[in-house]
Amino acid sequence: MEKPFVLLADDNEATCTLIQAMLHEEFIVEVVRNGSEAIEKLKRRQYVAVLLDLLMPEVDGYGVLDFLEAERPAQLERVVIVTASLSPREMQRVKRYPINGIVAKPFDIDMLKEAMRRCTGGDQ
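Each value, and the rule that gives it
- Residues numbered from 1 in each chain as written.
- Predicted model: local features only at pLDDT ≥ 70, side-chain atom pairs only at ≥ 80, totals over all residues.
- Heavy atoms only, no water.
- Helix = DSSP H or I, 4+ residues; strand = E, 2+ residues; numbered from the N terminus.
- Rg over C-alpha atoms; globule rule 2.2 N^0.38 Å.
- Buried < 20%, exposed > 50% of the residue type's maximum accessible area, 1.4 Å probe, protein only.
- Lys, Arg positive; Asp, Glu negative; His and termini not counted.
- Charge placed at Lys NZ, Arg CZ, Asp CG, Glu CD.
- Pairing = 2+ DSSP bridges.
- Axes fitted to C-alpha atoms, helices over the stretch in contact; angles between N-to-C directions.
- Right-handed = clockwise from strand over helix to strand, strands pointing away.

Visitor: Explain the overall build of the protein chain to me, please; I cannot follow it from the model alone.
Guide: Scanning the protein chain for helices and strands turns up five helices and five strands. Listing every helix and strand of the protein chain by position from the N terminus yields β-α-β-α-β-α-β-α-β-α. In terms of C-alpha radius of gyration, the protein chain reaches 13 Å, essentially the compact-globule figure of 14 Å for 124 residues. Per-residue burial for the protein chain yields a buried fraction of 44% across its 124 residues. Taking the average place of the 16 positive charges on the side chains of the protein chain and the average place of its 21 negative ones, the gap between the two points comes to 3 Å.

Structure representation (structure tokens):
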């Protein structure tokens, strides 16, 4: 059986390397470095989870969230924001989307795994 796909949208190479290493046994992790690439991937495939940084070049994470809200609203339930910081204003902005969760960088691996379990409904 083929592994399920996860989309990781983050421009931080170290974060991507760590998350890929953590998830590669159970998932095929597709990595993109900006929101434009994320939107293109989301147009072509359904993902069991989308790990999304908010601060990226070209189109930011909010642009990706807006795309999902307009084009694939059910996918929002499988989005986990992985970000370095959220101001109270940004937190309010993120909470208007029905996302699965927020994991702060530097993240706790167990917290990220728990978020993945919520997205996939499994015991990854």
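After presenting the structure, the write-up continues.
Visitor: Please clarify how the sheet that holds strand β2 (residues 28-32) should be interpreted in this entry.
Guide: Adjacent strands of a sheet pair through backbone hydrogen bonds, lying either parallel or antiparallel. One open sheet holds the five strands; their spatial order is β2-β1-β3-β4-β5, and the pairing between them is parallel. Each edge of the sheet is formed by a strand with only one pairing partner; in this case those strands are β2 and β5 (101-104). Along the sheet, successive strands turn relative to each other by an average axial angle of 20 degrees, direction set aside. Alignment of strand β1 (residues 5-9) against β2, held across five bridges, turns out to be parallel. Following the sheet pairing, valine 6 is matched in β2 by valine 29.

Visitor: Would you explain unusual backbone geometry in this entry?
Guide: Leaving glycine aside, a negative phi is the common case for residues, and trans is the common case for peptide bonds. Between lysine 105 and proline 106 the backbone carries a cis peptide bond, its omega angle lying at -10 degrees. Mapped onto the elements, proline 106 comes out in the loop between β5 and α5 (109-120). Despite not being glycine, glutamate 58 has its phi angle at roughly 65 degrees, a positive value. Along the chain, glutamate 58 falls in the loop between β3 (49-52) and α3 (61-71). Assessed through its relative accessible area of 66%, glutamate 58 is described here as exposed.

Visitor: Sorry if this is basic, but what is going on with the pairing of β5 here?
Guide: It is a general feature of regular strands that their side chains alternate between the two faces of the sheet. Side chains of β5 alternate between two faces, with Gly101 and Val103 buried and Ile102 and Ala104 left unburied. Examined bridge by bridge, strand β4 (residues 79-83) and β5 share four bridges and lie parallel to one another. Among the inter-strand pairings, isoleucine 81 is bridged to a residue of β5, identified as isoleucine 102. In this region the chain leaves β4, passes through helix α4 (residues 88-95) and returns to the parallel neighbour β5; the handedness of that crossover is right-handed.

By themselves, these observations are geometric and do not establish any function.
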